[in-house]
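# Remarks on the overall topology
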Amino acid sequence: MGEWSFRPAGEGALYVVLGERATADVRAEVQAVVHSIRQGLGDRVRDVVPGYVSVYVEFDPEVWAVGDLQRAIETLAGVPQLPLPSRLITVPVRYGDEWGPDLRVVAEENGISEEEVVSLHVRPTYEVSFIGFTPGFPFLAGLDERLAIPRLAVPRRRVPRGSVGIAGLQTGIYSVDSPGGWRIIGRTGLLLFDPRAPEPVLIRPGDTVRFVQSTEALPVGQFIDAPPVDPM
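The sections below set out a description of the structure shown in this document. What you are looking at is a predicted structure, and each value in this text was computed from that prediction instead of being measured. (Residues numbered from 1 in each chain as written. Predicted model: local features only at pLDDT ≥ 70, side-chain atom pairs only at ≥ 80, totals over all residues. Heavy atoms only, no water.)

Further remarks concern the sheet that holds strand E1 (residues 5-8). Here four strands make up an open sheet; going across it, the order is E1-E2-E4-E3 and the pairing antiparallel. The open sheet terminates on both sides in strands that have one partner only, identified here as E1 and strand E3 (47-50). Here the average twist between neighbouring strands, direction ignored, is 20°. When strand E2 (residues 13-17) meets strand E4 (residues 54-58), the two strands line up antiparallel, connected through five bridges. Residue pairing for E4: Val-16 is matched across the bridge by Val-55. Across the sheet, helix H2 (residues 66-75) is in contact with E1, E2 and E4; its angle to E2 comes to roughly 35°. (Pairing = 2+ DSSP bridges. Helix = DSSP H or I, 4+ residues; strand = E, 2+ residues; numbered from the N terminus. Axes fitted to C-alpha atoms, helices over the stretch in contact; angles between N-to-C directions. Contact = heavy atoms within 4.5 Å.)

Quick look at the structure:
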């Protein structure tokens, strides 16, 4: 375990920073610290949220002084860290064509075939680092470096839910219809976010994800690109 540092995030929140780079060891420690804080402090804190290298802890400033909370969290450093409960989620994906309009670009930019893109994408078991930027959107670590590609220069106005995308060394799944700049290589029919369900979010931090290629017929959805940007 590395040395922890603390950064205030307003009157009622605190970041516990566990490292500078999102290595596999740091990601595992983030998940373990989240679980330990939840187990050790329970409802004495309002929320505990993992990030790539940090844990966000939200609290009631009328209950906790920042220094007292920091010391309470520091005591957990000496407690054996248990990982978050983990499940393996299998995600069927229809790659390319109408469902993955950027598959060809990802292949061309990386000097490989579209078939190789799919093969490399389904090969790893991905770790769920955290959930954001919309409810239920999983940020997944473990993408093969040969698939890395920058975001779109101008995000699309609307990306259909279920779209599977790549941005840099990340891959993820759009949980709701939303704007987005990730390169879309496929789509899944799984519902990742249902606010009416007892458990609204399908995939949680600590889970692992495997993609499998599918030939299932899926609704295409409508991709709406942003209007052209005039050069300055």
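Here the narrative resumes.
Ranked by internal contacts, the top residues of the largest apolar core, which has 25 residues, are Val-91, Tyr-95, Ile-173, Ile-185, Ile-203, Val-209 and Phe-211. Those elements giving two or more residues to this core turn out to be strand E5 (88-95), helix H3 (103-110), helix H4 (114-122), strand E6 (126-131), strand E9 (163-167) and strand E13 (208-213). Ignoring anything within four residues of it in the chain, the contact list for Phe-211 reads Val-91, Val-93, Tyr-95, His-121, Val-122, Tyr-126, Leu-140, Val-164, Thr-171 and Ile-173. Counting residues in hydrophobic clusters, the runner-up holds 22 residues, among them Phe-6, Val-16, Leu-18 and Ala-72. (Core = buried A, V, L, I, M, F, W, Y, C linked by side-chain atoms within 4.5 Å. Buried < 20%, exposed > 50% of the residue type's maximum accessible area, 1.4 Å probe, protein only.)

A few words on the pairing of strand E12 (residues 183-187). Remark: a regular strand shows side chains that alternate across the two faces of the sheet. With five of five residues buried, E12 lies mostly within the body of the structure. The pairing of E5 with E12 spans two bridges and is antiparallel. Bridging from a neighbouring strand, Arg-94 pairs with Arg-187 of E12. With four bridges connecting them, E9 and E12 associate as antiparallel partners. Residue Val-164 lies in a different strand from E12, and its bridge partner there is Gly-186.

Here the focus is the sheet that holds E5. What holds strands together in a sheet is hydrogen bonding between their backbones, with the strands either parallel or antiparallel. One closed barrel accounts for seven strands, arranged E5-E12-E9-E10-E7-E6-E13; its pairing is mixed. Direction aside, the axes of adjacent strands within the sheet are offset by 40° on average. Relative to strand E7 (residues 138-141), E6 runs antiparallel, the two being bridged by four bridges. From the neighbouring strand, Val-128 faces E7, where its bridge partner is Leu-140.

Let us now look at the packing of aromatic side chains. In this structure the tally under the stated criterion is ten aromatic pairs. With centroids separated by 4.7 Å and ring planes inclined at 80°, the aromatic side chains of Tyr-52 and Phe-130 adopt a geometry described as edge-to-face. With a gap of 78 residues between them, Tyr-52 in the loop between E3 and E4 and Phe-130 in strand E6 connect regions that are remote in the sequence. Phe-130 sits in the buried class, given a relative accessible area of 14%. On the numbers, 4.6 Å between centres and 20° between planes, the contact of Phe-130 with Phe-139 is stacked. Overall, Phe-139 belongs to the buried group, its relative accessible area being 9%. Members of the aromatic cluster, joined through ring pairs, are Tyr-52, Phe-130, Phe-133, Phe-137, Phe-139, Tyr-174 and Trp-182. Lying across the ring of Trp-99, Arg-94 places its NZ or CZ 4.1 Å from the centre. (Phe/Tyr/Trp six-rings, centres within 6.5 Å; stacked < 30°, edge-to-face > 60°. Lys NZ or Arg CZ within 6 Å of the ring centre and 35° of its normal.)

With four of five residues buried, E2 is to be regarded as a mostly interior element. Two strands pair when backbone bridges link them, and E1 and E2 are joined in this way by four bridges, in the antiparallel orientation. Across the sheet, Phe-6 pairs through a bridge with Val-16, a residue of E2. The hairpin turn running from E1 into E2, its antiparallel successor, is four residues long, and Gly-10 in that turn takes a positive phi close to 95°.

A side chain of one charge can pair with a side chain of the opposite charge when the charged atoms of the two come close. Counted according to the given criterion, the structure contains eight salt bridges. Residues Asp-60 and Arg-46 are paired through a salt bridge, measuring 3.7 Å at the closest nitrogen-oxygen approach. Linking Asp-60 in the loop between E4 and H2 with Arg-46 in the loop between helix H1 (24-41) and E3, this pair joins segments that are 14 residues apart in sequence. The salt bridge partner of Asp-144 is Arg-146, with a shortest N-O separation of 2.9 Å. Classification of Asp-144 as buried rests on a relative accessible area of 18%. (Salt bridge = Lys/Arg side-chain N within 4 Å of Asp/Glu carboxyl O.)

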